[in-house]
Amino acid sequence: MAGFLHWKSLRRRKQFEAEMREEFAFHREARIEHFISEGWTREEAIRLARLEFGGTERYREECREAHRVHLLDEVGRDLRYALRGIRKNPGFAIAAIVSLALGIGMNTVVFSVFESLLLRPLPIANPDQVVFVETQSGITHSFPNYREFRDNTSRFNGLAGYRMSPMNLETKGDPQRIWGYLATGNYFDLLGVKPALGRFFHPEDDRKVGASPYAVLSYNTWKARFASDAGIVGKRVRINGLTYDVLGVAPEGFHGTELFYWPEVWVPMMMQPQIEAGNAWLDNKYTWDTTILGRLKPGVTAAQGEADLNRVANDLAHRFPESDQGLRIKLSQVGLAGSAGRAPVRVFVGGLLLLVTVVLLTACLNLAGLLLARSSDRQHEMAIRSSIGAGSGRIMRQVLTESSLLSVLGGLMGLAIAAALCGLLSKWHAPVDFPVRVDVSPDWRVFLFAGLASLATGILFGLGPAVSLSKTDLNSVLKGGAGRAVLKSRLRVSFRDLLVAAEIALCFVLVFGSLLSIQGLKNVLNMPLGFNPEDVTTIAFDVGLPAYDKAQGQAFQRAILEKVQELPGVVSAAYANSVPLSMDQSTTGVQAEGETRQRGRNAKHANFYQISPGFLSTFGVSLLNGRDFDEHDTEGTPLVAVVNQAFGKIILHTDNPVGKTFRWGPGGGPRVQVIGLVQDGKYTSLTESPTPVVFWPIYQQYNSTTTLVVRSHRLSSEIVTDVRRLIGTMDSRLPVYGAGSLNTMLGFALFPMHAAAVALSAFGLLAIVLAVTGIHGLVAYAVSRRTREIGIRVAIGATGFEVLRFVLAKMMALVIIGIVIGISLALAAGQALSSVVYGASPKDPVLLLAVFVALLLAATVSCWRPTARALRIDPVSALRYE
């Protein structure tokens, strides 16, 4: 078809150039005769005429310019005619534009997320040279190892270390918990960013522990907390009770290299003992809390840089086998905590892209069906255009112009929808005490994607109706016939049937996916967590932030617990350093007593929580055997622990570990006796497999980080208000965070499931709307084309049931065929979805039957109005229809 149109264009252009050539020759010959009459020889007259007319090049340029003007004029006429057609048929235009807008809009939103997370470069200098340094088993390193890597590599221009850390920022005397970065002095230099105000700290500002009280504010923090104070540089702020000099303000849009984390302040790494009071780890090879990124030298590949780091890692494993045996380094892309975050994000966003592509394809099939239905009403118009000289190529161009205009208008509306949704996503904050955000604002790549998607949709799916109309049988239409196309009836019917079946099949996949996701969410909500979150309120604070020492911190924790237990309506209360499924999770190395110790990163690990007596019952954790901690489990008494079932099976190799002993920590550590066994639960994620967990008595091992857990019959908001008041009266400098019901806190763990369910439900609902619209249009088309035939059937005695069977039999057969095809596609898609949707059953017959019934009902509803119209057809009027 493209070759045919190209041939027609060349033919028209050659004809036009021939006419221009004749006109040019006529005028040139007239000028030659004029010069000869003035006495010039013919050769001289020809030369003068050529000079006057500008020679061959001018002639060719005039031809090209005239052709361009002619072509632009034709395109302009096509566009004006297309606009008139839209104004004359607003219902058709609105249905087509809205369906495309929804399809293109959803695709643009997901592509914007995909582009911002996986394609968009970070706002740093030469981002392709910056790499994330991780190990085979994790994303963090010990700070002593960071120093070794930094000082002994030759393939890097530098290695920088950083750590996310909570801080207590005082503004106008009001302490507020914020999140920031501890970063080495070369952090900003390595990234190559320039400050918006002042300066950044440098390596010389970060050499001695505790001697660099400097702070760099993020641009948003400078605006929101300091009212865009132009004189902020040089002023002092209080962080964790100490005074810090503000060196500068980071540029707008810069928030480090982690896409989801938006810190409020950067502090030099050497201030770590002051920022994380009571947990100094800068010289501890067994604390792996430092994240590392590096900048490769120009011309150095990631493989070469990785080999250089592994050379140092091998040396560390040889020198320090207790902590570094088996240490292996790998490099990955920055932005999503290395491969640990990039892999699931790629899978999730890739799945969304696949789903929205199906939505767009459904919208496109809907558009093609609407264009085909409308084309039947335009056959008389196109026959008249053909009779007055319009060729098939000219008619095709007109129809393609109209479909392209519809798609462009739908694309513009879709882009507006996408921009609004992206704006909402960019402003969204996770419902947790952690600065989780993502910037998905559209850029030029997103606009280009929307434009190309719109044009491709208009051209590809307008081509079928354009071909059909260009082949209209002129004689049949002008004689008042049905206006059949020259194309074989079998091919035309098969194409229209294919549209219906394909649209139903795709709709089945989307609705099935949405119901499967909802089923997964239901399973998650009903899954055993290992604790009972009902009627539980959590309130967190850190007694290390006001620089309390150990004795002061323990006294404060016990005092506030006693006061909370006396509040009205409180059933029980306890505290811990953290709770399951919160953002703050910790692990430790463990090994069974007498077992050969695994060294380095090959050692066995378990999650741990430091809890006060009564925490297990307050939190709703079932004690299966043994005893809970009590007031006698304090410092100076033998170390004890409560473990879960997975710990007993995986670490101690027994179903009843009570009375068994194990060792923990570096070098084997001290001996610990198990005094209790609790049920397994969910600790870091809802989809994790059984994980070893150990509970320590916090009276034996102090931790300044404190999460109060209160079980009460009162509203969580009332408990939070009372606890805030109590803490404020005891120490007004202490910020409270993470306050609310335990169910609210679990909302963040459930967020991926909720997001998937909402997205897939929206896609499924959108697919049903598009399918209903498309089927309605095609049935209405069939009824309008068979009005005369239906009238004849009624005139010779056909009953209403027979008319219904005549109108609906073929359409419902196509719907059934589409559903059958959709079932096979849905089963294949369900296998992929089951890997990310908890507890999903892609072969669930009840689920398949529900989608089957839903689509049958949708098809019936979409056919209702056209069939009702068919039943009301008057035989006398129908016989005069054409």
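Let us look at the structure shown here. From a predicted model like this one, the values you see are computed outputs, not experimental measurements. (Residues numbered from 1 in each chain as written. Predicted model: local features only at pLDDT ≥ 70, side-chain atom pairs only at ≥ 80, totals over all residues. Heavy atoms only, no water.)

Along the chain, the regular secondary structure elements total 25 helices and 21 strands. Counting every position in the chain, which comprises 882 residues, the buried fraction comes to 49%. Long-range contacts, defined as pairs at least 24 residues apart, comprise 80% of the intrachain contacts of the chain with a sequence gap of at least 6. Carbon together with sulfur atoms contributes 59% to the accessible area of the chain, which is approximately 40,100 Å² in total. (Helix = DSSP H or I, 4+ residues; strand = E, 2+ residues; numbered from the N terminus. Buried < 20%, exposed > 50% of the residue type's maximum accessible area, 1.4 Å probe, protein only. Contact = heavy atoms within 4.5 Å. Areas by Shrake-Rupley, 256 points an atom, 1.4 Å probe, with all protein chains shown as cover.)

Turning to the environment of Leu 405, a few remarks are in order. With respect to the element layout, Leu 405 can be found in helix 13 (residues 392-427). Sequence separation of Leu 405 and Leu 83 is 322 residues, and the distance between their C-alpha atoms is 8.3 Å.

Turning to the packing of aromatic side chains, a few remarks are in order. Using the criterion set out here, one finds 24 aromatic pairs in the structure. Their ring planes at 35 degrees and their centres at 6.3 Å tell us that Phe 111 and Phe 114 sit as a pair that is tilted. You can see Phe 111 and its partner Phe 114 sitting in helix 4 (residues 90-119), three residues apart, about one turn around the helix. Judged by its relative accessible area of 14%, Phe 111 falls in the buried class. Here the aromatic cluster, defined as three or more aromatic residues joined through ring pairs, consists of Tyr 162, Tyr 181, Tyr 187, Phe 188, Phe 200, Phe 201, Phe 254, Tyr 261 and Trp 266. One residue, Lys 285, lies across the ring of Phe 320, its end atom 4.4 Å from the ring centre. Above the face of the Tyr 699 ring, Arg 558 is positioned so that its terminal group lies 3.7 Å from the ring centre. (Phe/Tyr/Trp six-rings, centres within 6.5 Å; stacked < 30°, edge-to-face > 60°. Lys NZ or Arg CZ within 6 Å of the ring centre and 35° of its normal.)

What follows is about the nonpolar core. In terms of nonpolar packing, the biggest core is built from 43 residues, with Phe 508, Leu 510, Phe 512, Phe 763, Ile 775 and Leu 855 touching the most fellow members. Residue assignment for this core shows that the elements contributing at least two residues are helix 4, helix 11 (339-376), helix 16 (489-526), helix 21 (742-785), helix 23 (800-833) and helix 24 (845-871). The dominant element in this core, judged by the number of residues it contributes, is helix 16, at 10 residues. Counting residues in each nonpolar core, the second largest holds 41 residues, with Tyr 219, Met 269, Leu 296 and Leu 316 among its members. (Core = buried A, V, L, I, M, F, W, Y, C linked by side-chain atoms within 4.5 Å.)

Turning our eyes to something else, we now look at a nonpolar patch on the surface. A contiguous nonpolar patch, built from Val 408, Leu 409, Leu 412, Leu 455 and Ile 459 and spanning about 390 Å² of accessible area, is present on the exposed surface. Listing elements by their share of the nonpolar patch, those giving two or more residues are helix 13 and helix 14 (444-470). Looking at the element boundaries, Leu 455 is found in helix 14. (Patch = residues over 30% accessible without salt bridge, like charges linked within 9 Å, V, L, I, M, F, W, Y side chains within 5 Å. Salt bridge = Lys/Arg side-chain N within 4 Å of Asp/Glu carboxyl O.)

An α-helix turns once every 3.6 residues. As a result, residues three or four positions apart point the same way. Under the 1.5 Å per step criterion, the end-to-end length of helix 20 (residues 716-730) is 21 Å for 15 residues, consistent within 8% with the ideal 21 Å. Of all the positions in helix 20, only Ser 716, Ile 719, Val 720, Asp 722, Val 723, Leu 726 and Ile 727 are classed as buried. Across the axial projection of helix 20, the buried residues extend over an arc of 165 degrees, all falling on one side. Of the exposed residues in helix 20, the ones pointing more than 90 degrees away from its buried face are Thr 721 and Thr 729. Summarising the contacts, the buried residues of helix 20 are in contact with strand 11 (536-542), helix 17 (550-565), strand 12 (570-576), strand 20 (705-712) and strand 21 (737-741). (Expected span 1.5 Å × (residues − 1). Arc of directions from axis to C-beta.)

A few words on the environment of Asn 532. The residue Asn 532 is located in the loop between helix 16 and strand 11 in this model. Distance from Asn 532 to Phe 619, taken between C-alpha atoms, is 6.4 Å for residues 87 residues apart in sequence. Contact partners of Asn 532, with chain neighbours within four places excluded, come to Phe 619, Gly 620 and Arg 711.

Along the chain, Thr 257 turns up in the loop between strand 7 (242-249) and strand 8 (265-268). What Thr 257 contacts, discounting residues up to four positions off in sequence, is Leu 122, Tyr 162, Tyr 187, Leu 191, Leu 293, Val 334 and Gly 335.

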